[in-house]
Amino acid sequence: MHEKGAHMSAEMFLKLTIIFFMSLFVTAIAMSAFMMMNSYDDKVALIHESIGIIFLIVLPIHIYLRKDKLKKMILDFFSETILHKEMSSCDNGKLLKTLKSRALNEICEIFNIDFEDTLSMLRKKQIIVKERDQKLEEIALLNSHDSLKILGMILEQHIRGQKNA
């Protein structure tokens, strides 16, 4: 379990680091361009060009890390503009976002799941829940897990319990 959580944390760290550096590079490029507008200097131009080249080197890494999101955006764009199809309102991301902001006891209540059984199952999987009304997103962050995986574990346990009953 910890290996997957560590992988997610490492991937998230890499994404945040890339975004941080890209923001830094864009700021530096803008500042050097502003400095060159007032008075042109070869040193500032060299810095401007160097940072631009570094930015272009980091950009493909950022695109690769966000490839799924980019693919979805491109497909949505073509679907709406060229094919003139209206996008469906059903989106798994919206469902997860809604559930992530809900408290664990509220999720159990919505799906008619026994809270104590859920708490016991999560403890067995080394997922710590501090309070009954702790949000799923907070639980995932504190335990270095993905919210969707925790929700999947809860639903799987509930469905297996339904089959055995």
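To keep things clear, this report deals only with the structure shown in the data block. Residue positions are counted from 1 within each chain, in the order its sequence is given. Confidence filtering applies because this is a predicted model: local features only for residues at pLDDT of at least 70, side-chain atom pairs given and counted only at 80 or more, and all residues used for totals across whole chains, interfaces and linings. Hydrogen atoms and water are omitted, and side-chain values are computed over all heavy atoms in the structure.

Turning to the overall build of the protein, a few remarks are in order. In DSSP terms, a helix is any run of H or I states spanning at least four residues, a strand is any run of E spanning at least two, and both are numbered starting from the N terminus. Helix and strand counts for the protein stand at eight helices and zero strands. Taken from N to C terminus, the helices and strands of the protein fall in the order α-α-α-α-α-α-α-α. For the protein, the residues scored as buried account for 25% of the 165 residues in total. The contact rule is simple, with two residues in contact once any of their heavy atoms fall within 4.5 Å. Put simply, 57% of the contacts in the protein that link residues at least 6 apart link residues at least 24 apart. Classification of residues uses two cut-offs on accessible area relative to the type maximum, computed with a 1.4 Å probe and protein chains only: under 20% is buried, over 50% is exposed, and between them is partly exposed.

Moving on, we get to helix H6 (residues 115-124). Every buried residue of H6 is accounted for by Phe-115, Thr-118, Leu-119, Met-121 and Leu-122. Here the buried residues of H6 occupy an arc of 165° about the axis, which is enough to place them on one side. Structural note: H6 exposes Arg-123 and Lys-124 on the side pointing more than 90 degrees away from its buried face. The inward-facing, buried residues of H6 abut helix H5 (104-110) and helix H8 (147-164). Immediately downstream of H6, the backbone of Gln-126 shows phi near 60°, a positive value. Think of it as the arc spanned by the lines of direction from the helix axis to the C-beta atoms.

Counting residues in each nonpolar core, the largest one holds 19 residues, and the members touching the most others are Leu-104, Leu-122, Ile-150 and Ile-154. Where this core is concerned, the elements lending two or more residues are helix H4 (92-100), H5, H6, helix H7 (136-142) and H8. The contact partners of Leu-104, leaving out residues within four places of it in the chain, are Phe-115, Thr-118, Leu-119, Leu-122, Val-129, Arg-132, Gln-134, Ile-139 and Ile-154. Each nonpolar core is a collection of buried residues, namely Ala, Val, Leu, Ile, Met, Phe, Trp, Tyr and Cys, held together in the definition by side-chain atoms within 4.5 Å. Counting seven residues, the second-largest nonpolar core is a separate cluster that includes Ile-18, Phe-25, Ile-51 and Phe-55.

What follows covers the environment of Asp-114. Tracing the backbone shows Asp-114 in the loop between H5 and H6. Judged by its relative accessible area of 42%, Asp-114 falls in the partly exposed class. Spatially, the C-alpha atoms of Asp-114 and His-158 are 8.2 Å apart, while their sequence positions differ by 44 residues.

Okay, the side chain of Ser-147 next. In this fold, Ser-147 is placed in helix H8. Residue classification places Ser-147 among the buried positions, given a relative accessible area of 7%. Ser-147 has contacts with Leu-96, Lys-100, Leu-136, Glu-137 and Ala-140, leaving out every residue within four places of it along the chain.

Now for the packing of aromatic side chains. To describe a pair of aromatic rings, one takes the distance between the centres and the angle between the planes. Pairing of aromatic rings covers Phe, Tyr and the six-membered ring of Trp, with a centre-to-centre limit of 6.5 Å; geometry is then stacked below 30 degrees between planes, edge-to-face above 60, and tilted otherwise. Counting across every chain of the model gives two aromatic pairs. With centroids separated by 5.5 Å and ring planes inclined at 65°, the aromatic side chains of Phe-20 and Phe-21 adopt a geometry described as edge-to-face. With a relative accessible area of 51%, Phe-20 lands in the exposed category. In textbook terms, an aromatic cluster arises when at least three aromatic residues are bridged by ring pairs, as seen for Phe-20, Phe-21 and Phe-25. Only lysine NZ and arginine CZ atoms are considered, and such an atom sits over a ring when it is within 6 Å of the ring centre and within 35 degrees of the ring normal. When the ring centre of Tyr-64 is taken as reference, the NZ or CZ atom of Lys-67 above it lies at 4.1 Å. Between the NZ or CZ atom of Arg-132 and the centre of the ring of Phe-115, over which it lies, the distance is 4.3 Å.

Before going further, it helps to examine the packing of H6 against H8. Helix axes use the C-alpha atoms of the stretch in contact, all axes being lines fitted to C-alpha atoms, and the angles between their N-to-C directions lie in the range 0 to 180 degrees. Their axes nearest at 10 Å, the elements H6 and H8 cross at an angle of 125°. By the angle between their directions, the pair H6 and H8 is classed as oblique. For the pair H6 and H8, the sense of crossing is right-handed. Facing Asp-117, Thr-118, Met-121 and Leu-122 of H6, the residues of H8 in contact are Ile-150, Met-153, Ile-154 and Gln-157. Side-chain classes are defined by residue name, with Ala, Val, Leu, Ile, Met, Phe, Trp, Tyr, Cys and Pro counting as nonpolar, Asp, Glu, Lys and Arg as charged, and the others, Gly among them, as polar. For the contact of H6 with H8, a count of residues per class yields five nonpolar, two polar and one charged. Note on terminology: angles under 35 degrees are roughly parallel, angles over 145 are roughly antiparallel, angles of 65 to 115 are roughly perpendicular, and the others are oblique. Crossings are classed by handedness, with left-handed meaning an anticlockwise turn of the near helix from the far one by less than a right angle and right-handed meaning a clockwise turn.

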